[in-house]
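Here's the letter readout for the chains.
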Amino acid sequence: MPIRTIIEPFRIKSVEPIHWTQRKDREQFLQLANYNLFLLAADNVLIDLLTDSGTGAMSIYQWGAIQEGDESYAGSRSYVRFRDSVQSIFGYRHVIPTHQGRAAERILFSVMLKRGDVVPSNTHFDTTRANIEAVGAEAVDLVIAEGKQPGLIHPFKGNMDVIALEQTIARVGREHIPLVMLTITNNSGGGQPVSMANARQVSELCRKHKIPFYFDACRFAENSYFIKLREPGYEDKTPKQIAQEMFALGDGCTMSAKKDGMANIGGFLCTNDDLLAQQEKDLLILTEGYPTYGGLAGRDLEAIAVGLQEAVDEDYLRYRIASTAYLGNHLSDQGIPIVMPPGGHAVYLDARAFVPHIPLEQFPAQALAAELYLEGGIRSVEIGSLMFGKAAKMDLVRLAIPRRTYTQSHIDYVIEVITEVWHKRSQIRGLRLTYEPPFLRHFTARLEPV
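Given the structure is predicted, the values throughout are model-derived calculations rather than measurements. (Residues numbered from 1 in each chain as written. Predicted model: local features only at pLDDT ≥ 70, side-chain atom pairs only at ≥ 80, totals over all residues. Heavy atoms only, no water.)

A. Representation of the side chain of T271. If you trace the backbone, T271 turns up in strand β8 (residues 267–271). Of note is the side chain of T271, whose polar atom sits 3.0 Å from the backbone nitrogen of D273. Those residues within four positions of T271 in sequence are excluded, and the remaining contacts are Y92, R93, H94, Y214, D251, G252, L276, A277 and E280. (Helix = DSSP H or I, 4+ residues; strand = E, 2+ residues; numbered from the N terminus. Polar contact = N/O pair within 3.5 Å; in protein donor to acceptor, adjacent residues only side chain to side chain. Contact = heavy atoms within 4.5 Å.)

Here is the structure:
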């Protein structure tokens, strides 16, 4: 009989205690944080699913590589190993390290965009959109219609609507679209993957109009494994081979190595354009650091170099995708509304269906996220009306699972807490803003119950 249990493909060698709290304490902590889970002290969180960015556990091979970090200011051997590891997967000529993904976005958009430009994507995430808008350009989301329907089953709900892209180019003019981006996987749309066929269609359209095509590649390995599982013709290819084929369709990428780089910090910007790379390096020197370290220590470059290769390991990806699906499927089986099918790095609760009595102006997803913390000390994140304002197509609560960090019993606890909240969902109240900053308001906004 075949073995059906998916086990963690690692043994635990070091542990970190987590802190139990009582509901009465959590009520006080949440009030002091003004009902913004970003403002909670991490020590007062039991299961932290706020993000999978930089929160995972590193392997013994990464920790060993850290000891080899060359901290030379310029031309370090750690940079060479980092560059070679990136190029072995991504294939781009220029590899520019940054301290994290949003720094890569800022440099790319500062160099390539001007006021009035338009940047189409399947769905821009929060920092991407903010960095585009910060230079006076417009971020346009063109995900397929299926990607806007949380409960609908579709293998590649992260796909871009190619017809809408063609119409956007015709409407605003090619001269106002300096690049097109494709986010893999589509984080704001529920962690949903993009098919190779769709990436190829987008690439061909960009070539036709001579528009540079870039990937937001932070979860490229998970996207590659979904292609292997779901797209005909790729079942016998390795995740690394699939990633190489996809990146060959583009002209460059931004990357947060805190996701599928398996590291706690770092990112990079890639391009095949020599002139653009020089402009980006000039700006990098001004704000991040010399082009062979880019705001990172040599030890961080070493950790990323190893982590990128571990991210495309098939045993790891099999476990990663199956463990996320375990959470999603158990919730869905109980009738709890989530984005289906479960994504690669996270499960997304559909707050509009979970708490339909809370109007959108009272931030239903933020209210639901607050209740999960009150009930069981679980920290999640709102992706909806608070994060994106009127641009929000859905109101979701993302349960982002850090890599190689929690075990099945932790996830069983999460299921139990969410089920308990589901049973008394009618008691959850909405929230209103008492303070909001001009950009990325969800990070520092303050709220109170209605």
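Now that the structure has been shown, we can carry on.
B. Examining the sheet that holds strand β12 (residues 396–400) more closely. Pairing is antiparallel across the open sheet formed by three strands, whose spatial order is β9-β12-β11. The open sheet has two edge strands with one neighbour each: β9 (346–350) and β11 (381–383). Within this sheet the neighbouring strands show an average axis-to-axis angle of 35°, counted without direction. With five bridges joining them, β9 and β12 adopt antiparallel strand pairing. Counted as the bridge partner of L349 is V397 from β12. Taken strand by strand, helix α14 (residues 364–376) contacts β9, β11 and β12, and its axis lies near 40° from that of β12. (Pairing = 2+ DSSP bridges. Axes fitted to C-alpha atoms, helices over the stretch in contact; angles between N-to-C directions.)

C. A look at helix α10 (residues 274–287). Taking 1.5 Å per residue as the helical rise, α10 with its 14 residues ought to reach 20 Å, and the 20 Å between its terminal C-alpha atoms agrees with that figure. When α10 is considered as a whole, its buried residues turn out to be L276, A277, E280, L283 and L284. The arc that holds the buried residues of α10, viewed along the axis, is 130°, so those residues lie on one side. In α10, those exposed residues whose orientation departs by more than 90 degrees from the buried face are L275 and L286. In this structure, the buried residues of α10 make contact with β2 (94–98), α4 (101–112), β6 (213–216) and β8. Where α10 ends, the next residue or the one after it, G289, has phi of about 155°, a positive value. (Expected span 1.5 Å × (residues − 1). Buried < 20%, exposed > 50% of the residue type's maximum accessible area, 1.4 Å probe, protein only. Arc of directions from axis to C-beta.)

D. Geometry of the packing of α4 against α10. Between α4 and α10, the shortest axis-to-axis distance is 10 Å and the interhelical angle comes to 125°. Here α4 is positioned oblique relative to α10, judged by the angle of their axes. Judged by the twist between their axes, the crossing of α4 over α10 is right-handed. Residues R106, I107, L108, S110, V111 and M112 of α4 form the contact with α10, whose own contacting residues are L276, Q279, E280, L283, L284 and T287. Partitioned by chemical class, the residues of the contact of α4 with α10 number seven nonpolar, three polar and two charged. (Parallel < 35°, antiparallel > 145°, perpendicular 65-115°, else oblique. Left-handed = near helix turned anticlockwise from the far one by under 90°. Nonpolar A, V, L, I, M, F, W, Y, C, P; charged D, E, K, R; others polar.)

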